[in-house]
2 protein chains.
Amino acid sequence: MSHFAQRLHAAIKHKQTPALVGLDPRLSQLPPQIVKSARTRHSDANLAAAAAFEEFCIRLIDVVTPLVPAVKPQSAFFEELGPAGSQALANVISHARSQKLIVILDAKRGDIGSTAEAYARGLIGGADPPSPWMADALTVNPYLGTDTLQPFVDVATERGGGIYVLVRTSNPGASAFQDRSEDGQKLFETVGSEVERLARETSAEANYGCVGAVVGATYPAELAALREAMPHTPLLVPGYGSQGGTAADVASSFDTSGLGAVINSSRAINFAFRAEQYATEFGEERWEEAAEAATRAMISDLADLTPASALQT
Amino acid sequence: MSHFAQRLHAAIKHKQTPALVGLDPRLSQLPPQIVKSARTRHSDANLAAAAAFEEFCIRLIDVVTPLVPAVKPQSAFFEELGPAGSQALANVISHARSQKLIVILDAKRGDIGSTAEAYARGLIGGADPPSPWMADALTVNPYLGTDTLQPFVDVATERGGGIYVLVRTSNPGASAFQDRSEDGQKLFETVGSEVERLARETSAEANYGCVGAVVGATYPAELAALREAMPHTPLLVPGYGSQGGTAADVASSFDTSGLGAVINSSRAINFAFRAEQYATEFGEERWEEAAEAATRAMISDLADLTPASALQT
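Residues numbered from 1 in each chain as written. Chains lettered and ligands numbered in written order. Predicted model: local features only at pLDDT ≥ 70, side-chain atom pairs only at ≥ 80, totals over all residues. Heavy atoms only, no water.

- Looking at an unreviewed UniProt entry, one finds chain A named Orotidine 5'-phosphate decarboxylase, with Stratiformator vulcanicus as its source organism.
- Recorded under Sequence similarities (unreviewed entry), the UniProt text for chain A is reproduced unchanged: "Belongs to the OMP decarboxylase family. Type 2 subfamily." (UniProt positions renumbered as here; feature names shortened; annotations may be inferred.)

Structure below.
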């Protein structure tokens, strides 16, 4: 079983970009023709929405497969639809894997002991041993304590998968608890230090471990400091694009080779056809071309203004 | 739409106990005949396990319905089986609701803004407006910040549901981050104080709000202090039974009327037929009688040694 960080970095080098496309199907934002068509096939509202989510995400995956190394489905939107949404999520992940994309499932799970292990066994892994959801990596919440991260680390390591632990989130109120300071060290720094230890322990021959950290682009100073303090930790950086983070804000998240981080954009790509700069040119019918243009724009932006330029040879 | 804490307390008074039965289907622990029977009906391993989980939980619900006010399905075990498990979970919740039990879904969700709202809309609620999972209440992780709790609070309030925020968890390593101290206040106390504020704001005419707190029985001193500091906050207390918490340990979680807390036991009831004191008398075939005996023993224990005695008139 190959190592998560090695697989991720091979994919980043192959696609020559650290751009990560979030899959955030929001019913009110989807191309109307996809929703309309699903509703003609399903009278149940949740089944119709799930069918629309699945078609939208699979077509979006096909648009971005030639361009990016990885996708990040947001579990919440699928779960909002009940079991029909869960099935759609599994189908979407399966399709992304079949396209050789790295799949980071954004589900922010966390629990204790054998319960944490159940989440890890269900959500992380490939075809052998069988994992029903088959994500390459999973986002994990650290509040319960370092001992509760270990089952996720163990399962991920055993299966060639990874986890990304929430360290510094991108929301406006992230500081409420994460900035609480003891002996001059803030909570998110303490969590970061534990994550770096786990990353180092799982780095094997690689520079990076299979334990990563989520650090928001909306806090660039913290991002720069964490990158320096966590040299073995791959970063997942949300908050670029719709949430206000810029390429300059995320530049510090990379090492000099342009590795060590993936930068996520969800809404700005998913619903690019609704944005002013693409709406007129493409419109609803050509939403996939709008998504492609937005993805290419993000890739250029990162290549122009961050060490990700080193990936483009 | 009636208020969550009022509904919960009406159910507690009706059943005269604060005992909460966790639904923790673990494949290796289930009565073998249920697993065997499911495997004759389904060749796919996950479908078979999901069918076994559903049968086990539904029969267990029927055993405890006359005895307790509420059940707490653990989402992780269902998710471990993929979409088949998700469907089983929905069926189990639906059955519990049809038996008029309060359902607290233990899924420890947490995310930002509209993503948090998607979780809340999907997981919390009744038949109208339709919520596909239909939990009365949901456990929520606070790490991302107070602003990320608000969407859960808003949806819960609007639908007569509730949330239980993780404050002090029951695992051995809970202190790693939760005990970090700033200006003499530990993180879990700060989170508790925010939760109490939200509970007070949502208490309306009731003594308690629809925002509760998870506080482990394995830390009795912290439990007593939090009960005192959080007078409007209903508590969900895990860690009784298999994890080592005793009735004496949880006694401080109640108000003088025996209200304000539910005490959870999962494994000790689910798999009572495997425990020494019940194995000989009941055995595998009579696992339901073992579960009933274990539930009655817990109810007596709480009535004998805690203010829950006030419920038994």
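## Notes on the relation of the copies chain A and chain B
- In screw terms, the move from chain A to chain B is a rotation of 180 degrees and a rise of 0.0 Å along the axis, fitting with an RMSD of 0.0 Å. Look at the turn and shift together and you get a two-fold axis relating the two.
- Of all interface residues in chain A, 100% are interface residues in chain B too; the two copies therefore contact each other through one and the same surface. (Least-squares fit on C-alpha atoms with pLDDT ≥ 70 in both. Contact = heavy atoms within 4.5 Å.)

## Comments concerning the sheet that holds strand β9 (residues 235-237) of chain B
Residues and elements named next belong to chain B.
- Here eight strands make up a closed barrel; going around it, the order is β1-β2-β3-β4-β5-β8-β9-β10 and the pairing parallel. Taking each pair of neighbouring strands and ignoring which way they run, the sheet shows an average axis angle of 30 degrees.
- For strand β4 (residues 137-140) and strand β5 (residues 162-168), the ladder comprises four bridges, and the chain directions are parallel. Of the residues in β5, the one forming a bridge with Val140 is Val165.
- Where helix α5 (residues 83-98) meets the sheet, its contacts fall on β1 (19-23), β2 (70-73) and β3 (102-109), and the angle it forms with β3 comes to roughly 150 degrees. (Pairing = 2+ DSSP bridges. Helix = DSSP H or I, 4+ residues; strand = E, 2+ residues; numbered from the N terminus. Axes fitted to C-alpha atoms, helices over the stretch in contact; angles between N-to-C directions.)

## Quick look at the packing of aromatic side chains
- Here the structure, examined in full by the defined rule, presents 10 aromatic pairs over all chains.
- With centroids separated by 6.3 Å and ring planes inclined at 35 degrees, the aromatic side chains of Tyr278(A) and Phe282(A) adopt a geometry described as tilted. For the pair Tyr278(A) and Phe282(A), one class covers both residues: buried.
- Measuring from centroid to centroid gives 5.9 Å for Phe53(B) and Phe78(B), while their planes differ by 90 degrees, and the two rings are edge-to-face. Residue Phe53(B) is found in helix α3 (residues 45-64), and its partner Phe78(B) is found in helix α4 (residues 75-79); the two are separated by 25 residues along the sequence. Pair check on accessibility: Phe53(B) and Phe78(B) agree, each one buried.
- Ring-pair connections join several aromatic residues into one group, and the members of that group are Phe56(A), Phe271(A) and Trp287(A).
- Over the face of the ring belonging to Tyr219(A) we find Arg168(A), whose NZ or CZ atom lies 4.1 Å from the ring centre.
- Just above the ring of Phe188(B) sits the side chain of Arg168(B); from NZ or CZ to the centre is 4.9 Å. (Phe/Tyr/Trp six-rings, centres within 6.5 Å; stacked < 30°, edge-to-face > 60°. Buried < 20%, exposed > 50% of the residue type's maximum accessible area, 1.4 Å probe, protein only. Lys NZ or Arg CZ within 6 Å of the ring centre and 35° of its normal.)

## Description of the UniProt feature "active site" (unreviewed entry) in chain A
- The feature "active site" (unreviewed entry), as annotated in UniProt, sits at Lys108(A) in this numbering.
- With respect to the secondary-structure elements, Lys108(A) resides in strand β3 (residues 102-109).
- In contact with Lys108(A), other than residues within four places in its own chain, are Gln74(A), Thr139(A), Val140(A), Asn141(A), Leu166(A), Lys108(B), Gly110(B), Asp111(B) and Leu144(B).
- At a separation of 2.8 Å, a polar atom in the side chain of Lys108(A) contacts the side chain of Asp106(A). (Polar contact = N/O pair within 3.5 Å; in protein donor to acceptor, adjacent residues only side chain to side chain.)

## Looking at the side chain of Asp136(B)
All names here are of chain B.
- Relative to the helices and strands, Asp136 resides in the loop between α6 (113-123) and β4.
- For Asp136, the side chain forms a polar contact with the side chain of Arg97, separated by 3.0 Å.
- Apart from residues no more than four positions distant in its own chain, Asp136 is found in contact with Phe4, Arg7, Arg97, Leu101, Ile102, Val103, Ile124, Gly161 and Gly162.

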